[in-house]
Amino acid sequence: MSSYSDDYTPAEMVCVSVAREIEDGDILILGSFTPLAFVSYILAKVTHAPNMMYMAYSSVDAKPFPLTFATYEAAATKGGVARWNMTECIHSLYLGTGVDVEPISSIQADGHGNINISVVGDYHKPMLRGPGGAGAPEVVKMHRKMLGYFPSHNKRTLVPKVDFITGTRWKISNQERMKAGLRPGPVKLITNLAILTKEEEARPFRLTSVHPGVTVKDVVDNTGFELDVPGDVAQTEQPTREQIRILREQVDPYGMVAFDFMPGKERPAYLKGILEKELQALGR
Amino acid sequence: MTTKERVLAQNKVAKLTDIGRLIKDGDSVAIGGAWLSSHPMALVRQLIRSGIRNLNVMTILGSVDIDMLVGAGCVDRLMFSFVSMEAYGLPPNFRRAIEKGELKYDEISGLAIIIGFEATGRGVPFLPYRGPFGSDYLNQRPDFYKKIVCPFTGEEMTAVPAIKPDVAIIHAQRADPAGNIQIEGTAGSDLELAKAARRVIVSVEEVVPTEVLRENPFKTKIPRIYVDMVIEQPFGAHPCSLVPGYVGDPWHMMTYMDMAAKPDTFKSYLDQYVMRSEDEYLEAAGGLKQMNLLKKLAREVKSL
């Protein structure tokens, strides 16, 4: 029997792919609540990266915890070895030692290594006002690896040029990065269809792999910027049975990983369902 | 108060309705907390109740605090790096106000705002850092981000100006009457806000004798030299979290999102929840039963 699973959702495929980008010994940050990214961290921590350290809210080096909706912050806080407020965190990790990975999802991303979480349309009269960047400029530029994840790979999200550069990789090739005093590392975008990688200023994103069941044409047709498509495109490594089992039984018992993939209108009902289950578990 | 007056004042305890002594129309007000955590929501509701106008509000990572103040018409100008209701969606009043062109705003990256507060706390007019090179923040706000050359290495850096709010409002776990503040869980840059602001108001879950703070001195994060007023207000962060004491209230957040979706239903939200006393607010939000549930959820969390 293959160790790979055939029973996984598109969200679990992305989640496992993000987890695989996390190496043992990495430093990560849990910031704004992004369920899929949180599940990826915890999955990595309880599988291949047990020594990884993450900063969750003000909790330093938190123990792994099952992701819930009502209590994730309390769980992260309870399991920490120290407390850092936000200023200490940015001094120590963003500006100091350096974070390895902090997966980020944005309204738009483009072929130059830029992301936009600020506005769609004109900056002063936007069609859509987004939340804004928080630490995004540093997350995208300074972290060792820039990792974007996108539940919906389409031309509205992956655009020729973002409407506002909230964060930019700025220097892309390892050589240019080191010259600018930055750590070398790639830009990777993990979507519901494929994995794209950019490692050179002058070259487009390379189509690194397509997920099982997805064709190269699907990816090219749904990408708003030019892609470097090799003659023989690999298939993304499927989740293993063990990863899916740990995901569903331990790390994500309530199915939070599906949340990012859901249309906005369906989200409140889904969250209410999860809260019901959390209350039932509390009674036990 | 001057620092000396702050040190001399042994009893800074006041009532929620006293905050008008320290915050006036047109003031710049920095709001503590971050994400959906530890925001001074009782103080925010009191500002709305008081009918205050034309505030220049400053937040690093804001959420329901900012959305409510904007929707209630208290804000003339907003400095922010991030305003989000996270899993609940985009903040409806914030979004509506900006998309209609009704709110003046300064979008500054998060680190730059924190460093701007730090500059004031250190008594310098600016601080340098490796700025957001290549981003559009620099193009939108050339008056805020300035190019500077390191006099030692010749390296190009970004300077950001000292940010000096008139008032900071903060919510925390515990204080003594003299204004020593303990913070146990998720903390934004509340200490930097307190150091930067001319006047500092802190609401806390409980006011305790100084001897109680001495039992756990490492939890005291803001000493009394930075604090002007202390207000005891249990569940003063609700519907935000104040871990490890209580989790945020997801049921109330969803009610808020439903009602803030349109201006007329948001007005009903203000009437039903905000435009009454803080005790009546907590009762309307589910009373002791609901508050105890939020405490229990925080207490009984598990690790893997």
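Keep in mind the model is a prediction, meaning the values are calculated, not measured.

## Observations concerning the overall build of chain A
Looking only at helices and strands, chain A has nine helices and 16 strands in total. For a compact globule of 284 residues, the expected C-alpha radius of gyration is about 19 Å, and chain A comes in at 19 Å, within 12% of that figure. Taking the principal axes of the C-alpha coordinates as reference, chain A spans close to 55 × 45 × 40 Å. By residue count, 60% of the 284 residues in chain A fall in the buried class. For chain A, restricting intrachain contacts to residue pairs at least 6 apart in sequence, the fraction spanning at least 24 positions comes to 66%. Carbon together with sulfur atoms contributes 52% to the accessible area of chain A, which is approximately 11,000 Å² in total. In chain A, 31 positive and 33 negative side-chain charges are present, and the distance between their average locations comes to 3 Å.

## Topic: the sheet that holds strand β9 (residues 146-149) of chain B
Residue and element names in this part refer to chain B. Spatially, β8-β10-β9 is the arrangement adopted by the three strands of the open sheet, whose pairing is antiparallel. Two strands close off the open sheet at either side, each with one partner strand: β8 (126-129) and β9. Within this sheet the neighbouring strands show an average axis-to-axis angle of 40°, counted without direction. Where β8 and strand β10 (residues 156-161) come together, four bridges link them in antiparallel fashion. When the bridges of β10 are listed, Leu127 appears paired with Val160. Along the sheet face, helix α5 (residues 110-122) touches β8 and β10 and points at about 135° away from the line of β8.

## Notes on the sheet that holds strand β2 (residues 53-56) of chain A
Residue and element names in this part refer to chain A. Strand order in the open sheet formed by four strands is β1-β2-β3-β4, and the pairing between neighbours is mixed. The open sheet has two edge strands with one neighbour each: β1 (27-30) and β4 (82-83). As paired elements, β1 and β2 share four bridges and run parallel to each other. Note that in β2 the partner of Leu30 across the bridge is Ala56. In the packing of helix α2 (residues 35-46) onto the sheet, contacts are made with β1 and β2, and the angle to β1 comes to roughly 145°. Those strands touched by helix α4 (residues 86-97) are β1, β2 and β4, and its axis lies near 140° from that of β1.

## Structural notes on the side chain of Glu102 of chain A
All names here are of chain A. Mapped onto the elements of the fold, Glu102 is located in the loop between α4 and β5 (108-110). Of the buried charged residues, Glu102 lacks a salt bridge, with Arg183 as the closest side chain of opposite charge at 9.6 Å. One polar contact links Glu102 to Tyr94, side chain to side chain, over a distance of 2.9 Å. Setting aside its immediate chain neighbours within four residues, Glu102 contacts Ile29, Tyr41, Tyr94, Val139, His143 and Leu147.

## As for helix α4 (residues 92-99) of chain B
Residue and element names in this part refer to chain B. Taken across its eight residues, α4 has six buried, putting it largely inside the fold. Among all positions of α4, only Pro92, Asn93, Phe94, Arg96, Ala97 and Ile98 are buried. Where α4 ends, the next residue or the one after it, Gly101, has phi of about 70°, a positive value.

## Observations regarding the pairing of β1 of chain A
What you see with β1 of chain A is no split at all: Ile27 and Ile29 of chain A on one side and Leu28 and Leu30 of chain A on the other are buried throughout. The parallel pair β1 of chain A and β2 of chain A is bridged by α2 of chain A, and the resulting crossover is right-handed.

## As for the nonpolar core
Within soluble globular proteins, side chains that are nonpolar tend to cluster in buried spots. Counting residues in hydrophobic clusters, the biggest one holds 195 residues, and the most contacted among them are Phe69 and Leu196 of chain A together with Leu78, Ile169, Ile201 and Tyr269 of chain B. If you tally residues by element for this core, the top one is α2 of chain A, at eight residues. The contact partners of Tyr269 of chain B, leaving out residues within four places of it in the chain, are Met68, His252, Tyr256, Met259, Val274 and Tyr281 of chain B.

## Regarding the pattern of salt bridges
Two side chains that carry opposite charge are able to pair once their charged atoms sit near each other. Counted under the stated rule, the structure contains 34 salt bridges over all chains. As a salt-bridge pair, Asp7 of chain A and Arg248 of chain A come within 3.1 Å of each other at their nearest N and O atoms. With Asp7 of chain A in the segment before α1 (10-20) and Arg248 of chain A in helix α8 (residues 241-251), this residue pair connects regions lying 241 residues apart in the sequence. Lys219 of chain B is the salt-bridge partner of Glu184 of chain B, the closest N and O atoms lying 3.2 Å from each other. Separated by 35 residues along the polypeptide, Glu184 of chain B in the loop between β12 (181-182) and α7 (190-196) and Lys219 of chain B in the loop between α8 (210-215) and β14 (220-222) bring together distant segments of the chain.

## Focus on the environment of Ile113 of chain B
Residues and elements named next belong to chain B. Structurally, Ile113 is set in helix α5. Distance from Ile113 to Ile60, taken between C-alpha atoms, is 6.6 Å for residues 53 residues apart in sequence. Once residues lying within four places of it in the same chain are set aside, the contact partners of Ile113 are Thr59, Ile60, Met79, Phe80, Ser81, Ile108 and Ile163.

## Remarks on the packing of aromatic side chains
One pass over the full model with this rule turns up 25 aromatic pairs over all chains. Considering the side-chain rings of Phe144 of chain B and Tyr145 of chain B, the 5.4 Å spacing of their centres and the 70° angle between planes classify their relative orientation as edge-to-face. By relative accessible area, which is 5% here, Tyr145 of chain B ends up buried. By the ring-pair criterion, three or more aromatic residues cluster together here, those being Phe33, Phe38, Tyr41, Tyr54, Tyr57, Phe69 and Tyr72 of chain A together with Trp35 and Tyr88 of chain B. The side chain of Lys171 of chain A reaches across the aromatic face of Trp170 of chain A, ending 4.7 Å from its centre. Of note, Arg45 of chain B hangs over the ring of Tyr281 of chain B, and the distance from its end group to the ring centre comes to 3.6 Å.

Cut-off values and rules
Counting restarts for each chain, with residues numbered from 1 along the sequence as it is written. Key to labels: chains lettered from A, ligands numbered from 1, both in the order written. Local features are withheld for residues below a pLDDT of 70 in this predicted model, meaning they are given only at 70 or higher, and side-chain atom pairs are given and counted only at 80 or more; totals for whole chains, interfaces and linings count all residues. Hydrogens are left out, water is left out, and the side-chain values use all remaining heavy atoms of the structure. Here a helix means four or more residues in a row that DSSP labels H or I, a strand means two or more in a row labelled E, and each is numbered from the N terminus. Throughout, the radius of gyration refers to the C-alpha atoms, and the reference size of a globule is 2.2 Å times the residue count to the power 0.38. In this scheme, a residue with accessible area under 20% of its type's maximum is buried, one over 50% is exposed, and one in between is partly exposed, where area comes from a 1.4 Å probe on protein chains only. Note on contacts: a residue pair qualifies if any of its non-hydrogen atoms lie within 4.5 Å across the two residues. Shrake-Rupley sampling with a 1.4 Å probe provides the accessible areas, and residues are treated as covered by the protein chains on show and by no other component. The charge count treats Lys and Arg as positive and Asp and Glu as negative. His and the chain ends do not count. For this purpose, a charge sits on NZ of Lys, CZ of Arg, CG of Asp or CD of Glu. Any two strands with at least two DSSP bridges between them are considered paired. Lines are fitted to the C-alpha atoms to define the axes, a helix being fitted only along its stretch in contact, and any angle between axes, read from their N-to-C directions, falls within 0 to 180 degrees. A pair is scored as a salt bridge if a Lys or Arg side-chain nitrogen falls within 4 Å of a carboxyl oxygen belonging to Asp or Glu. Distance and chemistry together define a polar contact, namely a pair of N or O atoms within 3.5 Å, with one atom able to donate a hydrogen and the other to accept it when in protein, and with adjacent residues in sequence counting only for side-chain atoms on both sides. With strands facing away from the observer, any crossover in which the path from the first strand over the helix to the second runs clockwise is taken as right-handed. We define the nonpolar core as a collection of buried residues of types Ala, Val, Leu, Ile, Met, Phe, Trp, Tyr and Cys that are connected through side-chain atoms lying within 4.5 Å of one another. Ring geometry is summarised as follows: Phe, Tyr and Trp rings, the Trp one being its six-membered ring, pair when their centres sit within 6.5 Å, and such pairs are stacked at plane angles under 30 degrees, edge-to-face over 60 and tilted between the two. Whether a charge sits over a ring comes down to the Lys NZ or Arg CZ being within 6 Å of the ring centre and within 35 degrees of the ring normal.

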